[in-house]
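# Commentary on secondary and tertiary structure
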Amino acid sequence: MVCPECGGALVVWVEQPGNRLIFRCRVGHVYAAEDMLIVKEQRLEEALWAAVYAAEELAAFLDDLDTRLPALDDDDRRARMTRLLANARSLRSVISNDRSVKLNSPAE
């Protein structure tokens, strides 16, 4: 696994007492397992939204190039726009249906 902040490799060890997993990268970012899970879930959602926005933005750009780039085949441009928008809709559905794991409250 990689550090969610810097992308560096993580070293994992078991903290005693308590038998807790601890993750640390070379830069010094440190995460307990619970925190790592939360951040990894957040990063996944951010990446999915980034893909949605990138697909929609490229489709909009292709639409803007309608007559401004004569070398661009119009049928190919329209087909690409259709695929991009369909992919964006599919990704939105994935995001909408995805549910992160729930952490139980610590026993008191």
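Quick note: structure is the one above.
Heads up: these notes are all about the structure in this document. (Residues numbered from 1 in each chain as written. Predicted model: local features only at pLDDT ≥ 70, side-chain atom pairs only at ≥ 80, totals over all residues. Heavy atoms only, no water.)

### Comments concerning the nonpolar core
Formed by Leu48, Val52, Ala55, Ala59, Leu62, Met81, Leu84, Ala88 and Ile95, the largest nonpolar core amounts to 9 residues. Put simply, the parts of the chain that give this core at least two residues each are α1 (33-64) and α2 (74-97). Top element by residues in this core is α1. It accounts for 5 residues. Setting aside residues up to four positions removed in sequence, Val52 forms contacts with Ala88, Leu91, Arg92 and Ile95. Judged by nonpolar contacts, the second largest core, of 7 residues, contains Leu10, Cys25, Tyr31 and Met36. (Core = buried A, V, L, I, M, F, W, Y, C linked by side-chain atoms within 4.5 Å. Buried < 20%, exposed > 50% of the residue type's maximum accessible area, 1.4 Å probe, protein only. Helix = DSSP H or I, 4+ residues; strand = E, 2+ residues; numbered from the N terminus. Contact = heavy atoms within 4.5 Å.)

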